[in-house]
Amino acid sequence: FRFFSGITYIELGNYEQSILLLNDVVSKNREYKKEAQWYLGLTYLKIGEIGKATSYLNDLSQSEGYYQNQALNLLNRLK
């Protein structure tokens, strides 16, 4: 529930609420942890917090899975 609500808040432009919900998903090691990290990275990019975005993208780039290559590509574009 929190993951999908977080995504909805991104679409509505309510980034603060989205960050709160997605951070909760990440911190509680829920089923959608990697997905939440990806969207947190994107949300932090949208609000100009590059350091926080990079932190989430670095974590994803070092773990195998769907978001690994996407995170690597995005990190390379940020350099």
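These figures come from a predicted structure and were not determined experimentally.

Colleague: In this structure, what is going on with helix H4 (residues 50–61)? I would like to understand it.
Modeller: One turn of the α-helix equals 3.6 residues, which is why residues spaced by three or four share an orientation. In a regular helix each residue adds 1.5 Å, so twelve residues correspond to 16 Å; H4 covers 16 Å between its end C-alpha atoms and thus fits that length. In this fold, the buried residues of H4 make contact with helix H2 (15–27), helix H3 (33–46) and helix H5 (68–78).

Colleague: Can you help me understand the pattern of salt bridges in this one?
Modeller: Between side chains of opposite charge, a pair can form as their charged atoms come close. Tallied over the full model, the rule gives three salt bridges. Close ionic contact of Arg-2 with Asp-24 constitutes a salt bridge, the shortest N to O distance being 2.7 Å. One end of the pair, Arg-2, is in helix H1 (residues 2–12); the other, Asp-24, is in helix H2, with 22 residues separating them in the sequence. In this structure, Lys-52 engages Glu-49 in a salt bridge whose closest nitrogen and oxygen atoms are separated by 3.2 Å. The exposure class assigned to Glu-49 is partly exposed, which follows from its relative accessible area of 32%. Each member of the salt-bridge network shares a partner with another, and the members are Arg-2, Asp-24 and Lys-28.

Colleague: Explanation requested: the environment of Gln-62 in the structure shown.
Modeller: Along the polypeptide, Gln-62 turns up in the loop between H4 and H5. Its relative accessible area of 67% is what places Gln-62 among the exposed residues. Along the backbone, Gln-62 and Arg-2 are 60 residues apart, and their C-alpha atoms lie at a distance of 25 Å.

Colleague: Would you mind showing me how to read the packing of H3 against H4 here?
Modeller: For any two helices packed against each other, one specifies the inter-axial angle together with the distance between the axes. One way to put it is that H3 packs onto H4 with a least axis distance of 8 Å and a crossing angle of 155°. When the axis of H3 is compared with that of H4, the two are roughly antiparallel. Crossing angle aside, the handedness with which H3 passes H4 is left-handed. Across from Lys-34, Gln-37, Trp-38, Leu-40, Gly-41, Tyr-44 and Leu-45 in H3, the residues of H4 making contact are Ile-50, Lys-52, Ala-53, Tyr-56, Leu-57, Asp-59 and Leu-60.

Colleague: Whenever I open this one, the nonpolar core confuses me. Can you help?
Modeller: Nonpolar side chains tend toward joint burial in soluble globular proteins. Counting twelve residues, the largest nonpolar core consists of Phe-3, Ile-7, Ile-10, Ile-19, Leu-22, Val-25, Val-26, Ala-36, Leu-40, Tyr-44, Ala-53 and Tyr-56. Broken down by secondary-structure element, the contributors of at least two residues to this core are H1, H2, H3 and H4. Not counting chain neighbours up to four residues away, the residues in contact with Phe-3 comprise Leu-22, Val-25, Tyr-32, Glu-35, Ala-36 and Tyr-39.

Colleague: Where do I start with the packing of aromatic side chains in this structure?
Modeller: Centre distance and the angle of the planes are the two values used to describe a pair of aromatic rings. Evaluation of the coordinates by the stated rule reveals seven aromatic pairs. Ring centres 5.4 Å apart and planes at 70° place the aromatic pair Phe-4 and Tyr-32 in the edge-to-face group. Placement of Phe-4 in helix H1 and of Tyr-32 in the loop between H2 and H3 is noted, with a sequence separation of 28 residues between them. The exposure class of Phe-4 is partly exposed, given its relative accessible area of 49%. A relative accessible area of 30% places Tyr-32 in the partly exposed class. Ring pairs connect the aromatic residues Phe-3, Phe-4, Tyr-32 and Tyr-39, which therefore count as one cluster.

About the thresholds
Along every chain, residues carry numbers that run from 1 in the direction the sequence is written. Where local features are concerned, this predicted model is filtered to residues with pLDDT of at least 70; where side-chain atom pairs are given and counted, the filter is 80 or more; whole-chain, interface and lining totals use all residues. In computing side-chain values, all of the structure's heavy atoms are included and hydrogens and water are not. Each helix is a run of H or I in the DSSP string that is no shorter than four residues. Each strand is a run of E no shorter than two, and both are numbered from the N terminus. One less than the number of residues in a helix, times 1.5 Å, gives the span that helix is expected to have. Contacts were defined at the residue level, with two residues in contact if any of their heavy atoms lie within 4.5 Å. The term salt bridge refers to a side-chain nitrogen of Lys or Arg lying within 4 Å of a carboxyl oxygen of Asp or Glu. Remark: exposure states derive from per-residue accessible area (1.4 Å probe, protein chains only) relative to the maximum for the residue type, with buried under 20%, exposed over 50%, and partly exposed in between. To obtain an axis, a line is fitted to C-alpha atoms, over the contacting stretch when the element is a helix, and the angle between two such axes runs from 0 to 180 degrees between their N-to-C directions. Small angles under 35 degrees read as roughly parallel and large ones over 145 as roughly antiparallel, with 65 to 115 read as roughly perpendicular and the rest as oblique. Helix crossings are classified by the rotation of the near helix relative to the far one: an anticlockwise turn of less than a right angle makes the crossing left-handed, while a clockwise turn makes it right-handed. Here, nonpolar core means buried Ala, Val, Leu, Ile, Met, Phe, Trp, Tyr and Cys residues that are tied together by side-chain atoms lying within 4.5 Å of each other. What counts as a ring pair is set by centres within 6.5 Å for rings of Phe, Tyr and Trp (its six-membered ring), and what kind of pair is set by the plane angle: stacked under 30 degrees, edge-to-face over 60, tilted for all other angles.

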